[in-house]
Amino acid sequence: MSNAPVDKGRRRFLTVATSVVGAAGAVGVAVPFIASWNPSEKAKNAGAPVEVNIGKAEPGQLIRVEWRGQPVWVVRRTPEMLASLEAVNDQLRDPNSDEPQQPEYAKNLHRSRKEEFFVAVGICTHLGCSPQFLDQGMGEYVEGAQAGFFCPCHGSTFDIAGRVFQGVPAPYNLVVPPHYYINDNTILVGEDGEQA
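None of the values given here were measured: they were computed from a predicted structure.

Student: Hey, could you go over the pattern of salt bridges for me, with residue numbers and the actual values?
Tutor: This structure, assessed with the given rule, holds 3 salt bridges. Among the ionic pairs, D159 bridges to R163, the shortest N-O distance being 2.7 Å.

Next up, the structure:
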């Protein structure tokens, strides 16, 4: 050990300089690391709302689109389909849509904003299969039902409002995604919008 006096000014300068360089290095590493947590442009686009043109949809027709990597169905229901909704209420597991499978504005008999159009995620609530849309012949699977959805994987059945029937593996009604009508011919799936 040397008996030379300690230069406190020099020591203080070295401590401050080392701290500043270390802090700058930590910021230089942290900024790109934290930026990597943000979703990529591809991921942002995958979750973006989807416009559906319903202007040319015929009564009884199903339109398929993809939103967030899932199939979304838009069905234009016929007056006969709408009339059949109340006829099967006693056969349904959740006829009043008490389970939170839809936005509040779709918690009605038709499970939709406008009764003529039904919008749903086309994935069975049992194990994630994609049910078939039956615009006729649903009576083969459920007595009294004219149209609806049948999941061939395990036999789950849903009425034309996506409500699940009793005695099938699916525990819940089909999911109704957030959506609203931009105009009479276009639905935006993925946002609730400012509409009554």
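There's more to say after this.
Student: I'd like to hear about the sheet that holds strand β1 (residues 50-53), residue by residue, with values.
Tutor: A sheet is described by the order of its strands in space; here 3 strands give the open sequence β1-β9-β8, paired in antiparallel fashion. Of all strands in the sheet, those bounded by a partner on one side alone are β1 and β8 (179-183). Across the sheet, the mean angle from the axis of one strand to that of its neighbour is 30 degrees, orientation sign disregarded. Direction of pairing for β1 relative to strand β9 (residues 186-189): antiparallel, over a ladder of 4 bridges. Each bridged residue has a counterpart across the sheet, and for N53 the counterpart in β9 is T186.

Student: Could you give an account of the state of the cysteines, naming the residues involved and the relevant values?
Tutor: Joining two cysteines, a disulfide is a covalent bond between their sulfur atoms. Within this structure, the stated rule accounts for 0 disulfides. Between C124, a cysteine without a disulfide, and C151, which holds the nearest cysteine sulfur, the sulfur-to-sulfur distance is 4.0 Å. Accessibility expressed as a relative area gives 1% for C151, which makes it buried.

Student: Run through a nonpolar patch on the surface, naming residues and quoting values.
Tutor: Taken together, the side chains of F33, I34 and W37 define a hydrophobic patch exposed on the protein surface, amounting to about 380 Å² of accessible area. Following the sequence through the fold, I34 ends up in helix α1 (residues 8-35).

Student: Can you lay out the sheet that holds strand β5 (residues 132-134) for me, pointing to particular residues and giving the numbers?
Tutor: Spatially, 3 strands are ordered β5-β6-β7 in an open sheet, and the strand pairing comes out antiparallel. Here the strands that pair on one side only, and so sit at the sheet edges, are β5 and β7 (156-159). Sheet twist, expressed as the average angle between the axes of neighbouring strands with direction ignored, equals 25 degrees. Bridge count for β5 against strand β6 (residues 148-151) is 3 bridges, and the pairing is antiparallel. Note on β6: the bridge partner recorded for Q132 is F150.

Parameters and conventions
Residues numbered from 1 in each chain as written. Predicted model: local features only at pLDDT ≥ 70, side-chain atom pairs only at ≥ 80, totals over all residues. Heavy atoms only, no water. Salt bridge = Lys/Arg side-chain N within 4 Å of Asp/Glu carboxyl O. Pairing = 2+ DSSP bridges. Helix = DSSP H or I, 4+ residues; strand = E, 2+ residues; numbered from the N terminus. Axes fitted to C-alpha atoms, helices over the stretch in contact; angles between N-to-C directions. Disulfide = S-S within 2.5 Å. Buried < 20%, exposed > 50% of the residue type's maximum accessible area, 1.4 Å probe, protein only. Patch = residues over 30% accessible without salt bridge, like charges linked within 9 Å, V, L, I, M, F, W, Y side chains within 5 Å. Areas by Shrake-Rupley, 256 points an atom, 1.4 Å probe, with all protein chains shown as cover.

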